[in-house]
Amino acid sequence: MCSESKALEVTITGLAKGKEYFFRVSAVNEKGKSEPKFLLAPVTVKDTSVEPIINLLSNAFSVKAGNVLKIDVPFKGVPPPTVAWKKDGNLLKETSRVNVHTSDALSQIIIKDASRIDVGVYEVTLTNLTGTTSAEIFVNVFERPGPPSDLSVVEVSADFMSLLWQPPHYTGGCQISNYVVEKRDTGSTIWQNVSATLARTSIKISRLTQGTEYQFRVAAENRYGKSHFVESEPVVAQYPFKPPGPPTNLCVVSASKAVMVVAWSKPDSDGGSPIIGYHIECKDQSSILWTKLNRNPVNDIQFKVTSVEEGLMYEFRVCAENMAGVGPSSKASEPVAARDQCDPPYNLAVSNITNSSVSLSWDKPEYDGGAKITGYIVERKELPNSCWLKCNFTNLLDTFLEVSGLTEGEQYEFHVIAKNAAEMFSAPSETTGPVTVQHDVEPPKIILGDKFRQVVVVKAGENLKIDADISGRPNPTVLWLKNGRNIGTKGRVEISATKTHTSLLLRECVRKDSGQYILTLQSAGGSTSKTITCKVLDRPCPPAGPLVVSGLSAEKCTLSWGPPNETGGAEIMHYIVEKCETSRVSWTLVYDEMKATTCKISKLLKGNEYLFRVRAVNKYGEGETLESEPIKATDPFTIPSAPTDVEVTSATSEAMTICWKRPASDGGSRISGYIIEKREKQGVRWVRFNKKPVYDLRVKASGLHEGCEYEFRVFAENAAGLSEPSLPCPLTLAEDPKFVPCPPAKPIIIDSSRSSITLSWNKPLFDGGAPVTGYKVEFRKSTEEDWTVGVHNTDKTEFTVTGLTSGTEYVFIVRSINKIGNSEPSPESDPEVAMEREEEPRFDISADMRKTLLVKDGSSFTLTVPFTGKPVPSVTWDKADVDLRVRGMINSSSSVTSITVEGATRDDSGKYIVKLQNVAGSASLTLNVRVLDSPGQPTHVAVKDVTKNSATVTWDIPENEGGAPVKNYLVDIRDISRKGWTKLTDKCHRLSYKVSDLEEGGIYFFRVTGENEYGIGVPAETKEGTKMTDRTDWETNSEA
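From a predicted model like this one, the values you see are computed outputs, not experimental measurements. (Residues numbered from 1 in each chain as written. Predicted model: local features only at pLDDT ≥ 70, side-chain atom pairs only at ≥ 80, totals over all residues. Heavy atoms only, no water.)

Trainee: Before we move on, can you summarise the overall build of the protein chain with the specific residues and values?
Mentor: A count of helices and strands for the protein chain gives one helix and 87 strands. In terms of C-alpha radius of gyration, the protein chain reaches 63 Å, well past the compact-globule figure of 31 Å for 1040 residues. Considered along the principal axes of its C-alpha atoms, the protein chain spans approximately 215 × 120 × 70 Å. Across the protein chain, the fraction of contacts at a sequence separation of at least 24, relative to all contacts at a separation of at least 6, is 63%. Total accessible area on the protein chain is roughly 58600 Å²; 48% of this is exposed by carbon and sulfur atoms. Each charge sign in the protein chain was given a centre, from 120 positive and 131 negative side chains, and these centres are 4 Å apart. (Helix = DSSP H or I, 4+ residues; strand = E, 2+ residues; numbered from the N terminus. Rg over C-alpha atoms; globule rule 2.2 N^0.38 Å. Contact = heavy atoms within 4.5 Å. Areas by Shrake-Rupley, 256 points an atom, 1.4 Å probe, with all protein chains shown as cover. Lys, Arg positive; Asp, Glu negative; His and termini not counted. Charge placed at Lys NZ, Arg CZ, Asp CG, Glu CD.)

Trainee: Please set out the environment of Ala770 residue by residue, giving values where relevant.
Mentor: Relative to the helices and strands, Ala770 is located in the loop between strand 64 (757-760) and strand 65 (774-781). For Ala770, a relative accessible area of 3% gives the class buried. With 47 residues separating them along the chain, Ala770 and Ile817 place their C-alpha atoms 9.6 Å apart. Sequence-distant contacts of Ala770, defined by excluding residues within four places in its chain, comprise Asn818 and Lys819. (Buried < 20%, exposed > 50% of the residue type's maximum accessible area, 1.4 Å probe, protein only.)

Trainee: Please give an account of the sheet that holds strand 56 (residues 656-661) that cites residues and values.
Mentor: Strands sit in the order 55-56-59 across an open sheet of three strands; the sheet is antiparallel. In this open sheet, the two strands that pair with only one neighbour each are strand 55 (644-651) and strand 59 (698-701). Averaged over all pairs of adjacent strands, the angle between their axes in this sheet comes to 25 degrees, without regard to strand direction. Pairing of strand 55 with strand 56, which is carried by five bridges, proceeds in the antiparallel orientation. Pairing of Thr644 across the sheet is with Lys661, part of strand 56. (Pairing = 2+ DSSP bridges. Axes fitted to C-alpha atoms, helices over the stretch in contact; angles between N-to-C directions.)

Trainee: Could you give an account of the sheet that holds strand 67 (residues 798-801), with specific residues and numbers?
Mentor: Read across the open sheet, the three strands follow the order 63-64-67; overall the sheet is antiparallel. Strands with a single pairing partner mark the edges of an open sheet, and in this sheet they are strand 63 (748-752) and strand 67. Direction aside, neighbouring strands of the sheet carry axes that sit 25 degrees apart on average. In the sheet, strand 63 pairs with strand 64 via four bridges, with the strands oriented antiparallel. Residue pairing for strand 64: Ser752 is matched across the bridge by Ile757.

Trainee: Kindly report on the pattern of salt bridges, identifying the contributing residues and their values.
Mentor: Tallied over the full model, the rule gives 28 salt bridges. As a salt-bridge pair, Asp878 and Lys915 come within 3.9 Å of each other at their nearest N and O atoms. Of the two residues, Asp878 is situated in strand 73 (residues 874-878) and Lys915 in strand 76 (residues 910-918); the sequence distance between them amounts to 37 residues. Classification of Lys915 as partly exposed rests on a relative accessible area of 39%. (Salt bridge = Lys/Arg side-chain N within 4 Å of Asp/Glu carboxyl O.)

Trainee: Tell me what's going on with the packing of aromatic side chains, and back it up with residues and numbers.
Mentor: Scanning the model with the defined rule gives 19 aromatic pairs in all. Centre to centre, the rings of Trp660 and Tyr674 are 5.4 Å apart; their planes meet at 65 degrees, and the pair counts as edge-to-face. Of this pair, Trp660 sits in strand 56 while Tyr674 sits in strand 57 (residues 673-680), and the two are 14 residues apart along the sequence. Summarising the burial analysis for this pair, Trp660 and Tyr674 share the class buried. Aromatic rings pair up to connect Phe689, Tyr710 and Phe712 into one cluster. Stacked on the ring of Phe142, the Lys or Arg Arg223 has its end atom at 5.6 Å from the ring centre. Just above the ring of Phe1005 sits the side chain of Arg974; from NZ or CZ to the centre is 4.9 Å. (Phe/Tyr/Trp six-rings, centres within 6.5 Å; stacked < 30°, edge-to-face > 60°. Lys NZ or Arg CZ within 6 Å of the ring centre and 35° of its normal.)

Trainee: Tell me about the pairing of strand 32 (residues 358-363), and name the residues and values.
Mentor: Judged from the five bridges that link them, strand 31 (residues 346-353) and strand 32 form a sheet pairing that is antiparallel. Note on strand 32: the bridge partner recorded for Asn352 is Ser359. Joining the antiparallel neighbours strand 31 and strand 32 is a turn of four residues.

Trainee: If you had to explain the state of the cysteines to someone new, which residues and values would you point to?
Mentor: Summed over the entire model, instances satisfying the criterion amount to zero disulfides. No disulfide involves Cys580; its sulfur sits 14 Å from that of Cys557, the nearest cysteine. On the basis of relative accessibility, which here comes to 4%, the residue Cys580 falls in the buried class. In this structure Cys659 is not part of a disulfide, and its nearest cysteine sulfur, from Cys742, lies 7.4 Å away. (Disulfide = S-S within 2.5 Å.)

Trainee: Mind laying out the environment of Trp388, listing which residues take part and the relevant values?
Mentor: Checked against the element boundaries, Trp388 lands in the loop between strand 33 (373-382) and strand 34 (389-390). The exposure class of Trp388 is partly exposed, given its relative accessible area of 30%. Once the C-alpha coordinates of Trp388 and Glu413 are considered, the two residues, 25 residues apart in sequence, prove to be 8.9 Å apart. Among all residues touching Trp388, those that are not within four sequence positions of it are Glu379, Arg380, Lys381, Glu413, Phe414, His415 and Thr431.

Trainee: Break down the side chain of Asp538 for me, with residues and values.
Mentor: Mapped onto the fold, Asp538 is located in the loop between strand 46 (526-537) and strand 47 (544-550). Asp538 gets classed as buried once you look at its relative accessible area, which sits at 13%. When near neighbours in sequence (up to four residues on either side) are disregarded, Asp538 contacts Ala460, Val510, Arg511, Thr567, Gly568, Asn618 and Tyr620.

Trainee: Outline unusual backbone geometry, listing residues and values.
Mentor: In this structure, the amide linkage connecting Val78 to the following residue, Pro79, adopts the cis form with an omega of -15 degrees. Here Pro79 is to be found in the loop between strand 7 (69-78) and strand 8 (82-87). The phi torsion at Asn347 lies on the positive side, around 60 degrees, for a residue other than glycine. Mapping Asn347 onto the fold places it in strand 31.

Trainee: Please give an account of a negative patch on the surface that cites residues and values.
Mentor: Taken together, Glu654, Glu706, Glu735 and Asp736 make up a surface patch of like negative charges. Given a relative accessible area of 44%, Asp736 falls into the partly exposed group. (Patch = residues over 30% accessible without salt bridge, like charges linked within 9 Å, V, L, I, M, F, W, Y side chains within 5 Å.)

Trainee: Got a sec to walk through the confidence of the model for the protein chain? Specific residues and values, please.
Mentor: With 99% of its residues at a pLDDT of 70 or more, the protein chain shows a mean pLDDT of 88. The model gives residues 1033-1040 a pLDDT under 50, and that stretch makes 20 contacts with residues more than four places away or in other chains. (pLDDT = per-residue confidence, 0-100.)

Trainee: Please set out the pairing of strand 53 (residues 621-627) residue by residue, giving values where relevant.
Mentor: As paired strands, strand 52 (residues 609-618) and strand 53 are joined by five bridges and run antiparallel to one another. Within strand 53, the residue paired with Val617 across the bridge is Glu622. If you look at the hairpin formed by strand 52 and strand 53, you'll find two residues sitting between the two strands.

Shown next, in the form of structure tokens:
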């Protein structure tokens, strides 16, 4: 028995190869073993195993992405081989999506939802006892490709860029059909298509805008779709090189009053592109604005400037240009004046030689190059073969120099170079020739003319010149002194000196040039001096201060001062005294020929602040003024004491006459009047009965009730106010007496002329119980005792006495008359001289007249101004820039003046000034008028910010707004080819308006009109047409 098995087959091992064997099989159950069954033929033992064989119809499989892929691999092999799968060299892992099924003759891979990750090389390996075999299977999944790789910008210029990229690492299982290229401005989010059918992996993108930053993106496309985009880094469209650096070594190589030549060196860096030219700019040293000099680029490294103005200091700067643009400007050159080079000094001569020095002198250059000579440079050369060396190391203004520190016995040559205020140097002067250094001494000497040995008298404004001949070796140093102080050439003083002559010239002499002038010569041979005395006849200096103000009150003061310290060489004839209110700018003459050094000032206004000034006058004219400190006109006093001895001197049934005595003290100020109060016997309140102050020492109280008893008290009043009340008088009964009337109050002189005097008086306080029927006026000369009747009976309280002698002094009395008879005479009036009165003019207007007068446009208005003054003042009306005699109608009388203006316009608004003038003084008054009208023309209309299709119009508010502020503006436009205007806006509330959508190259005119609540005003137009262009130097065309 070889083997037992429950299966229906069995493998017999341990047989010998090549031998034949017979086999039989018996079945066995629990009862026993059956009869055997023999094979029909013997079996020869030999090897029957077979190596694995793979039978693939194709080794490439393709599937569309998302579908199921099945790969069947049939095989053979004895014994049956084992199967192993790999993908891309790694053992294939089974997942829920990837499954492998293997039988004895077939191995199958099922891939669900195929995708890009399933692409690759699959390897199947079969192994049995006889051997191993394998096969590669290529799987391809069809889908849209991956993005291109290695996208880069390989070339950049101002208007194009070149892109290069590599094909996608994954093509989607099929050939790339084309590429899609897009671009965008980094300032925008919108991508623009460049090419959608590009087959190459490179592209040149043109029509780019210089200076703009761009970003590009590329996608690959096959028949199954388009890949994701790959984006480039942002890149600016610009030349692949930079603008050049600034030029170097900029300088002005030559300059004259009409031409300058500027030169420079090339920039250190050309920016990677050849320089195509240079741009030159210049400016005045005092300006901040640079002006371009060349229209086209300059190819040379120097430039000739002809547009210069003589005397100005100019600075220059240069910038280079290449294909990338204009580079930065160079540093500005040093300021250089547009002036010619000055001529060299001439007449160089040796004036003195010592054993160690040489004194040189020369004349100024004939031509200073257009600028003042500011100094000289002296150079020497030791003979025979030395070089030129500088002798002075400070600025030399004189035309002479002593060169010291020389070697005795040696020979030298000298020359001089001039320098002017424009820092321009002349060529060297001619040399002195060989000069041997050796000693030579002669004492200095001064020779003056006879007229300089006495006092030299000169009038102010004339020139004073002192001449002297001089000598000495070495040449002496010349010094001029005044009052012990050294003087030199400066301002009005001019000093000249040669080796034989010197002079001092004072131009336009003034008072302070008087004094002693000393001429001194100094040298190694000694020194000498001469004195010249000069006296300048001129106007005097200011009076000696301070200007003292004393005796000050509300109406007057006293000024005092001292004589001038310098009288100008003539006796003081008189002084001129003036005053000025600090609130005004004009001075008023007080005294024009005051002989003394003190004077009284009257007619001051209480509370006003004043300045006073005084100047002395000699026969040469009026001197300078001495001015006081501001002084306020106030009174140094208090209220008066109470009146005394109040009594009723007469009484009637309706009136009483009250008398009293003056207060013991007037408080330091004149009593200006009295206030009287009454009280009935049964009353408790005091009642004032005189509305105006009483100036006399008595008063008549009327309106009394017959049979009542009254008492009275009196207050005194001065500039400081009311006094305390007096003690009341005894009670007095109101009843009628029978008397002649009381005399009138003291007459007051109100006017006078050469042959007449006008006086007025108050009615008597008591008519004696009968009405006053008239008055008798008498007068006499102050030097006589006899009275003359001026009028026997007049019913007025004013009368003019005529037939008087001019220049004679008179006094007057007045008597009251009733039916009983004549009263006693009134107190005598103050003495008055029969002469013409002078009274300063003044205006008699109310506060309302000083307010601004509002007038409607087109209406008429009249300004009426009353005034007083004696003699009658002359009247003038003024208004700025207007002749009121033409514009208005002026009417003037002895007491009132007026002006009437018809058809008022905005131009009639403003200040109207009326002036009064007579021998006593002057006065002026300003009245304001505002005409309610539309506004005038806007000012400074201009066009700015002009482009090819837009411009901005600007203006300023009208000088005359017509009585109300401008609320808006109207802006109109007109093409140069048309006559009519087109409205742009009528609601502009600013001082500028931007106009757009204009035609490029068109020429336009603009006009602006203001509008206020009273209407549309006068338009203002641009004088020149404006051309629409982008050029910075935009054009303007005047309309034909």
